[in-house]
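Fold and contact review
Listed here are the chains, written in short residue letters.
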Amino acid sequence: MIEDHCRLIPLLTDEMKDAVHKAAKENNDGVLDPTHAVIKNGQIIGAISVQVQCASWWMDSEKSGKRDTLSVLQCLDTLMLDRQIFTYLMPCKETSPYYKIMDRGGFEKLSGNWGLFLKKLKE
């Protein structure tokens, strides 16, 4: 009876994370940095990440140039590495001057038609 209900289990090993990625891929989907598997009837039916790493960035369009951008991008990578973050997301609007050059900065565009949503929880 309890097997019919969804439950979360923490992903404590690389094998468990690989199993989540495999299950998502078989379902033509994926998940970034999963921390927990959703289990129902003994099978992985989903995953949750409570640690997706994301950075946001603003540069003054009048007071900064290409060299400033390159310098700050290198600093951002250094900050991430200092925090042991080896993969991170960077939202970028299509109207941004950086949008067309994100791939040159080492970013991979994620495919799909989706939006980025923010939820603020009360303390």
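Higher on the page you've got the structure.
Summary of the structure given here. These numbers were taken from a predicted model, which means no experiment stands behind them.

Now for helix H1 (residues 14-26). In this model, H1 (13 residues) spans 18 Å end to end at C-alpha, consistent with the 18 Å of a helix rising 1.5 Å per residue. Once H1 ends, the next one or two residues include asparagine 28, with phi positive near 55 degrees.

The phi dihedral of asparagine 28 is positive, around 55 degrees, even though this residue is not glycine. One can find asparagine 28 in the loop between H1 and strand E2 (36-40). Judged by its relative accessible area of 74%, asparagine 28 falls in the exposed class. The phi torsion at aspartate 33 lies on the positive side, around 45 degrees, for a residue other than glycine.

Below, the discussion takes up the environment of glutamine 53. Checked against the element boundaries, glutamine 53 lands in the loop between strand E3 (43-48) and helix H2 (66-82). Separated by 51 residues in sequence, glutamine 53 and arginine 104 place their C-alpha atoms 20 Å apart. Apart from the residues lying within four places of it in its own chain, the contact partners of glutamine 53 are Asp33, Ile85, Thr87, Tyr88 and Leu89. Here glutamine 51 takes part through its backbone oxygen, which lies 2.9 Å from a polar atom of the side chain of glutamine 53.

Moving on, we come to the nonpolar core. If you look at the biggest cluster of nonpolar residues, it comprises 11 residues: Ala55, Met59, Leu73, Leu76, Met80, Ile85, Tyr88, Met90, Tyr98, Met102 and Phe107. If we skip the residues at most four places from it in the chain, isoleucine 85 touches Gln53 and Met80.

Applying the stated criterion across every chain yields a total of one salt bridge. Between glutamate 26 and lysine 22 there is a salt bridge, with the nearest N and O atoms lying 3.6 Å from each other. One end of the pair, glutamate 26, and the other, lysine 22, are both in helix H1, four residues apart, so they sit about a helical turn from each other. Residue classification places glutamate 26 among the exposed residues on the basis of a relative accessible area of 59%.

Quick notes on the rules
- Residues numbered from 1 in each chain as written.
- Predicted model: local features only at pLDDT ≥ 70, side-chain atom pairs only at ≥ 80, totals over all residues.
- Heavy atoms only, no water.
- Helix = DSSP H or I, 4+ residues; strand = E, 2+ residues; numbered from the N terminus.
- Expected span 1.5 Å × (residues − 1).
- Buried < 20%, exposed > 50% of the residue type's maximum accessible area, 1.4 Å probe, protein only.
- Contact = heavy atoms within 4.5 Å.
- Polar contact = N/O pair within 3.5 Å; in protein donor to acceptor, adjacent residues only side chain to side chain.
- Core = buried A, V, L, I, M, F, W, Y, C linked by side-chain atoms within 4.5 Å.
- Salt bridge = Lys/Arg side-chain N within 4 Å of Asp/Glu carboxyl O.

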